[in-house]
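# A closer look at the structure
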Amino acid sequence: MTPYQHTVQYYETDQMQISHHSNYVRWMEEARVAFLAELGFPYEKLEASGLISPVVSVKCDYKTPTTFADVISITVKVKQFSGVRLVLSYQMTLLDQTVVCLAESSHCFTTKAGKIVNLKKANQDFYQALVANLEAN
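Attention here is on the structure that accompanies the text.

Reading the values: the criteria
- Residues numbered from 1 in each chain as written.
- Predicted model: local features only at pLDDT ≥ 70, side-chain atom pairs only at ≥ 80, totals over all residues.
- Heavy atoms only, no water.
- Helix = DSSP H or I, 4+ residues; strand = E, 2+ residues; numbered from the N terminus.
- Contact = heavy atoms within 4.5 Å.
- Pairing = 2+ DSSP bridges.
- Buried < 20%, exposed > 50% of the residue type's maximum accessible area, 1.4 Å probe, protein only.
- Axes fitted to C-alpha atoms, helices over the stretch in contact; angles between N-to-C directions.

## Considerations on the environment of Thr67
Assignment of secondary structure puts Thr67 in the loop between β3 (55-62) and β4 (71-81). Residues contacting Thr67, with those up to four places away along its chain left out, are Val8, Thr13, Gln17, Ile18 and Ser19.

## Structural notes on the pairing of β4
Here strand β1 (residues 4-7) pairs with β4 via four bridges, running antiparallel. The residue bridging Tyr4 from the neighbouring strand is Ile74, located in β4. In the sheet, β4 pairs with strand β5 (residues 85-94) via nine bridges, with the strands oriented antiparallel. Within the sheet, the bridge partner assigned to Val76 lies in β5 and is Tyr90.

## As for the environment of Lys115
One can find Lys115 in the loop between β7 (110-111) and α3 (119-122). We classify Lys115 as exposed; its relative accessible area is 60%. Linking Lys115 and Gly40, residues 75 residues apart in sequence, is a C-alpha distance of 24 Å. Apart from residues lying up to four places away in sequence, Lys115 is in contact with Phe109 and Thr110.

## Here we look at the sheet that holds β1
The antiparallel open sheet is built from five strands, whose spatial order is β1-β4-β5-β6-β3. Both outer strands of the open sheet, β1 and β3, are each paired with one neighbouring strand and no more. Strand-to-strand twist across the sheet, computed as the mean angle between neighbouring axes with direction ignored, equals 25°. Sitting on the sheet, helix α4 (residues 124-136) touches β4 and β5, and the angle it makes with β4 is about 105°.

Shown next as structure tokens:
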């Protein structure tokens, strides 16, 4: 999958002129949206099919600070997938390959009414795309 690129904006930095830690979760979401679109399942398509994928947990391990105008490359991979629960891993690096953050987000899949669904039954094509990415890692 193509790494997602994010350029740190001035407003994303704090008084110490480094990126505020809360922004990394936003960048994970940007990368996740791009990842799913590249898999062929953009959020709009999933939501139109009646599925949503809420975040149930996030974990970030900050390694090196980032600052205004840094370009961050974010690689997203399927770490675990059961058909009901999806765990994505994120590796964020600077252009010189310095790792700035290692992270994970966990998701489930539900109907718009909040009923948990198994993707193997609810959306076989999406299920297969996620399994294929897991196996490729």
